[in-house]
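Observations on chain architecture
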Amino acid sequence: MACFVQGITAYISGLVTDIHNTKDTAIWYKIQVVVKDVFWHVDRRYSDFEALHRKLVETQGIPRDNVVLPPKKLIGNKDPEFVEQRRAQLDIYLTNVLQLLGRNPPDDLAQFFNLHEYEIMFMLKKLAVDIFEKGDQILCSGTPFILSPYQIFAINERMKMAVPFLDSTDKRNDFTHIVDFCTNLKQLQIVGSNIPLGRSTIIPNQYDVDLSPFKSLEEISFKMANFNKIAAIGVGRETVHRISVQNSHLESTNELLLCDTVYKSFRDAGPSHVWPNLRSLHLSNNVIKSVEDIGKLAPKLRFFDLSFNQLHTVYNLTSLPELEHVSYSGNVLSFIGCDMNVLLGNVTVLNMSQNQIENLNVFSKLYSLTVLNLSCNVINDVDEVAHLSDLPCLEVLILTGNPVASTVDYRVRALAFFNERANDISLDNEKASLSEVDQISILQAIEQARRTTLINQPRLAF
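By convention here, each chain's residues receive numbers from 1 onward along its written sequence. Predicted model: local features are reported for residues with pLDDT of at least 70 only, side-chain atom pairs are reported and counted for 80 or more only, and whole-chain, interface and lining totals are derived from all residues. The basis for the side-chain values is all heavy atoms of the structure; hydrogens and waters are excluded.

In the nomenclature of an unreviewed UniProt entry, the protein corresponds to Nischarin from the organism Folsomia candida.

Have a look at this one:
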């Protein structure tokens, strides 16, 4: 945790040249800033030290004799011996400045050390100013407010500190701006990371996060988050109607919906674990291998996205009576053992793209279906479309990316199975053209004649 309450140290760990411009031969000093168990680097030129010193003399009354900046040198300032001497003198200067001002760094010193990017107190002051200036606009915008796990961790830690919420004369820095904002925020997006923050050793996903300050959430989303470090997700159980978890290595729906139980088992679930207003659940790009019967936990669920996980089969979701939209896209589905209506009930939109599906007979009784996306599977035979011809509500059928889509007269032959509804079906996001309508009519006439011939054909007597 980077918090100056525990003290700041800094030293010049090396030299960096030409870090911004290959034509610039200035000497850059690489400063390592350390706060407890965290450190980061900033690069500063001698002129940056000069500017800092002038500001500290003006605003902090630093005694010129006690905190001495090494003098400027115009000739020979690139000489290695001189550079090393100046580095040592600047190191002493930093030590003396921090001895005087390190317990409560002024803004000029904080900017010099990039404290606003990494250190908790200054990072929150920066956030408080942003919220003071734009908070009402953000709350009314209807768009998610993005925070990293490290920022939420900082908020949690600050709330534990016995430090006044306003520790400066600038009321924009008041921490209560953040507290009030979090309490009233309705849309929150948490974006994690497993790589160091900037030039620091701070890895956002390694910090414990408690969502208790967010008491009015209606939508919450997690991207690249570490669920093992997130607590109190259930704070939004009564108010949340949309949850999204993407690229977060989520292993099961239990891990999310039973976030506040020890063993994450449905046997432990009771009325207090129900998400009564949850309508939309997006769990794409995770590592889910099975789906539990979540009907009693999310009885009002309408949209369920399970795309790009590790599912080998379609699970029974009939315990969700209001379910309308289901996505199993990008899994490893191939053989489906029973009719889909037994598993999905009365869904209206079904996305089964990017799997290994070959046969369509299992979809033949989804009578409420309006949209069926079967793109990028392994459907070879256009006759499979016949299994869908009796779906009375079907309006959109997508078969692009299947082998069948590259066969001769594919569109005409597929649409012909829908008989008088052929003109109403959008196949691969396109309705039949006038020429296709004529060809469909011919095919249907030929098929009707063939059936009539079979019916009227005399039977042989044996």
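Further notes follow.
This part takes up the environment of leucine 257. Counting from the N terminus, the helices are DSSP H or I runs at least four residues long and the strands are E runs at least two residues long. Position of leucine 257 relative to the elements: it lies in helix H8 (residues 253-257). Linking leucine 257 and glycine 234, residues 23 residues apart in sequence, is a C-alpha distance of 8.0 Å. Only heavy atoms enter the contact rule, under which two residues are in contact if any of them lie within 4.5 Å. Non-local contacts of leucine 257, meaning those with residues more than four positions away in its chain, are made with Arg237, His273, Trp275, Leu278, Ile294 and Leu297.

Criterion for a salt bridge: a side-chain nitrogen of Lys or Arg within 4 Å of a carboxyl oxygen of Asp or Glu. Under the criterion given, the structure shown has 13 salt bridges. With its nearest N and O atoms 3.2 Å apart, the salt bridge here joins lysine 160 to glutamate 157. Residue lysine 160 and its partner glutamate 157 are located together in helix H6 (residues 149-160), separated by 3 residues, close to a single helical turn. Glutamate 322 is the partner of arginine 302 in a salt bridge, and the nearest nitrogen-oxygen pair spans 3.5 Å. With a gap of 20 residues between them, arginine 302 in the loop between strand S10 (280-282) and strand S11 (303-305) and glutamate 322 in the loop between S11 and strand S12 (325-327) connect regions that are remote in the sequence. Exposure is judged per residue with a 1.4 Å probe applied to protein chains only, and the accessible area is read against the type maximum: over 50% gives exposed, under 20% gives buried, and values in between give partly exposed. Classification of arginine 302 by relative accessible area gives partly exposed; the value is 38%.

Here the focus is the side chain of threonine 253. On the secondary structure map, threonine 253 appears in helix H8. A relative accessible area of 1% means that threonine 253 is categorised as buried. When residues no more than four places from it in sequence are discounted, the contact partners of threonine 253 are Leu258, Leu283, Glu292, Ile294 and Phe304.

So, on to empty space enclosed by the protein. Cavity: a set of points on a 1 Å grid over the protein atoms alone where a 1.4 Å probe fits but cannot get out. Pocket: an open set with protein on both sides within 12 Å along at least five of seven lines, its lining residues, like those of a cavity, having an atom within 4 Å of a point. Grid points are joined across faces, edges and corners, and a volume is the space filled by probe spheres set on the points. Under the counting rule described, the total for this entry stands at 2 cavities of 30 Å³ or more. Estimates place the volume of the second largest cavity at around 40 Å³. Contributing to the lining of the second largest cavity are Pro149, Ile190, Asn205, Tyr207, Val209, Ala225, Asn226, Lys229 and Ile230. Taken together, the residues of the lining of the second largest cavity break down into 6 nonpolar, 2 polar and 1 charged. Residue polarity follows a fixed list, in which Ala, Val, Leu, Ile, Met, Phe, Trp, Tyr, Cys and Pro are nonpolar, Asp, Glu, Lys and Arg are charged, and the others, Gly among them, are polar.

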